[in-house]
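The lines below spell out each chain.
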Amino acid sequence: METTELKEQLKIQIIKFLNLTDLTPADIADNEPLFGEGLGLDSIDSLELIVLLKKEYGIDIKDPREGRKVLVDVATMADYIQANGKN
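Below you will find a few notes about this structure.

Cut-offs and rules
Residues numbered from 1 in each chain as written. Predicted model: local features only at pLDDT ≥ 70, side-chain atom pairs only at ≥ 80, totals over all residues. Heavy atoms only, no water. Helix = DSSP H or I, 4+ residues; strand = E, 2+ residues; numbered from the N terminus. Expected span 1.5 Å × (residues − 1). Buried < 20%, exposed > 50% of the residue type's maximum accessible area, 1.4 Å probe, protein only. Contact = heavy atoms within 4.5 Å. Salt bridge = Lys/Arg side-chain N within 4 Å of Asp/Glu carboxyl O. 1 Å grid on protein atoms, 1.4 Å probe; cavity = no way out; pocket = protein on both sides within 12 Å on 5 of 7 lines; lining within 4 Å. Points joined across faces, edges and corners; volume = space filled by probe spheres on them. Nonpolar A, V, L, I, M, F, W, Y, C, P; charged D, E, K, R; others polar. Axes fitted to C-alpha atoms, helices over the stretch in contact; angles between N-to-C directions. Parallel < 35°, antiparallel > 145°, perpendicular 65-115°, else oblique. Left-handed = near helix turned anticlockwise from the far one by under 90°.

Comments concerning helix α1 (residues 3-17)
- End to end, α1 covers 20 Å across 15 residues, agreeing with the expected 21 Å (1.5 Å per residue, within 8%).
- L6, K7, L10, K11, Q13, I14 and I15 are the residues of α1 that are buried.
- Taken together, the buried residues of α1 touch α2 (43-57) and α4 (74-84).
- Among the residues trailing α1, N19 stands out with phi positive, at a value near 55°.

Here it is in structure tokens:
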């Protein structure tokens, strides 16, 4: 899958998995931080994103430090999926 297409798909999945019904994919910038001042996600959301990666891409993140490196923004997630995804 092309990077741009993957980023768009990730935005849709993030909105769906986290029930962010007030957002559209266009509202999420590729490099916008997912946590803190960006989207403002919390630790529960990070667990949901880890489940998303496992379910949709066959990526199993067990080390919290790895999760913090992967779940930075949509662009970082897409890069990680392309490097490590099984689908």
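More follows now that the structure is in view.
Concerning the pattern of salt bridges
- Within this structure, the stated rule accounts for five salt bridges.
- With a shortest N-O distance of 2.7 Å, K11 and D30 are connected by a salt bridge. Taken as a pair, K11 in helix α1 and D30 in the loop between α1 and α2 lie far apart in primary sequence, 19 residues in all.
- What makes K11 buried here is its relative accessible area of 7%.
- Residue classification places D30 among the partly exposed positions, given a relative accessible area of 26%.
- The structure contains a network of salt bridges with shared partners spanning K7, K11 and D30.

Considerations on the layout of surface pockets
- The calculated volume of the largest pocket comes to roughly 150 Å³.
- Considering the residues around the largest pocket, the lining is formed by F35, S43, S46, L47, I50, P64, G67, R68 and L71.
- For the lining of the largest pocket, the elements supplying multiple residues, two or more each, are α2 and α3 (64-70).
- No other element matches α2, which puts four residues into the lining of the largest pocket.
- Tallied by class, the residues present in the lining of the largest pocket amount to five nonpolar, three polar and one charged.

Focus on the packing of α1 against α2
- Close contact between α1 and α2 brings their axes to 11 Å; oriented N to C, the two are set at 125°. One finds that α1 runs oblique with respect to α2. The handedness of the crossing between α1 and α2 is right-handed. Residue-level contacts link L6, Q9, L10, Q13, I14 and F17 of α1 to E48, L49, L52, K55, E56 and Y57 of α2.

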